Amino acid sequence: MEFVKPIMHQLEITNQSIVQILEFLNESDLELSLGEKKRTVRELLAHLAVICQADFLIMNEATQQEMEEFYERHQPQTKKEIKETLLAHFAFLKDNTARFSTEEWSAVTTSWWGVSYSRYEWLLEILGHIYHHRGQLQTVLVINGRDPKIPLFE
């Protein structure tokens, strides 16, 4: 669908910047965080890596149990695993939405916790979700003196 292409383009840019940040990081950077009880860089990257597929499943009404099982199976830890997962899950999102008709994009679906959006709105949520956590990642790195100086937008 023509109206989805710009969002996929922005997701592509976002994922490219995450890969660049990942390649910039030292192993010790993966343990940085904003403080006690906050996600580490490793945990943020692992979460970012699975968002495209996880949120696609939520978009298509996966149950809470299905999502818990998904997250248990998808826990990348190394830089290599995180990069591979990020790229694979983005490809999954693109492949599995490429065939959606206008009617399917317009269809309202409900998350396991009760939020209802059209699939198109869920796609916007995916973009917002990734922007949010990429911003957290950037903040952790800058505050800890590890600014990757990588453009986050075109």
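Since this is a predicted model, take the numbers as computed values, not measurements.

## With respect to the overall build of the chain
Within the chain one finds six helices and two strands. Secondary structure elements of the chain, listed N to C terminal, follow the sequence α-α-α-α-α-β-β-α. What you see for the chain is a C-alpha radius of gyration of 16 Å, in line with the 15 Å of a compact globule of 154 residues. Counted over contacts in the chain with a minimum sequence separation of 6, partners at least 24 positions apart contribute 71%.

## A closer look at the side chain of Ser118
Looking at where Ser118 falls in the secondary structure, it is placed in strand 2 (residues 116-118). Once you skip the residues sitting within four places of it in the chain, Ser118 turns out to touch Trp105, Ser106, Ala107 and Val108.

## Topic: the pattern of salt bridges
Under the defined criterion, the tally for this structure stands at eight salt bridges. Of the charged contacts in the structure, one is a salt bridge between Arg146 and Asp29, with a shortest N-O distance of 2.8 Å. One end of the pair, Arg146, is in the segment after helix 6 (119-143); the other, Asp29, is in the loop between helix 1 (5-24) and helix 2 (41-59), with 117 residues separating them in the sequence. The shortest N-O distance in the salt bridge between Lys80 and Glu84 comes to 3.5 Å. Taken as a pair, Lys80 and Glu84 lie in helix 4 (residues 79-97) at a separation of four residues, close to a single helical turn.

## Some thoughts on a negative patch on the surface
Negative charge collects at one region of the surface, where Glu66, Glu68, Glu69 and Glu72 lie side by side. Structurally, Glu72 can be placed in helix 3 (residues 64-73). Residue class for Glu72 comes out exposed when judged on its relative accessible area of 62%.

Cut-offs and rules
Throughout this document, residue positions are counted from 1 along each chain, in the order its sequence is written. Reporting of local features is limited, given that this is a predicted model, to residues whose pLDDT is at least 70; pairs of side-chain atoms are given and counted only at 80 or more, and all residues count toward the totals for whole chains, interfaces and linings. By convention in this description, side-chain values take in all heavy atoms of the structure and omit both hydrogens and water. Strands here are runs of E lasting at least two residues and helices are runs of H or I lasting at least four, both read from the DSSP assignment and numbered beginning at the N terminus. Only C-alpha atoms enter the radius of gyration; for comparison, a globular chain is expected to reach 2.2 Å times N to the power 0.38, where N is the number of residues. Residue contacts follow a heavy-atom distance rule, with two residues in contact if any of their heavy atoms lie within 4.5 Å. A carboxyl oxygen of Asp or Glu within 4 Å of a side-chain nitrogen of Lys or Arg is what we treat as a salt bridge. Patches here: salt-bridge-free residues with over 30% relative accessible area, like charges joined within 9 Å, nonpolar side chains (Val, Leu, Ile, Met, Phe, Trp, Tyr) joined within 5 Å. For accessible areas, the Shrake-Rupley method is used with a probe of radius 1.4 Å. Any residue's cover is judged against the shown protein chains and nothing else. Asp and Glu are treated as the negative residues and Lys and Arg as the positive ones, with His and the ends of the chain left uncounted. Charge coordinates come from a single atom per side chain, which is NZ of Lys, CZ of Arg, CG of Asp or CD of Glu. Accessible area is worked out with a 1.4 Å probe on protein chains only. A residue is then buried under 20% of its type maximum, exposed over 50%, and partly exposed in between.

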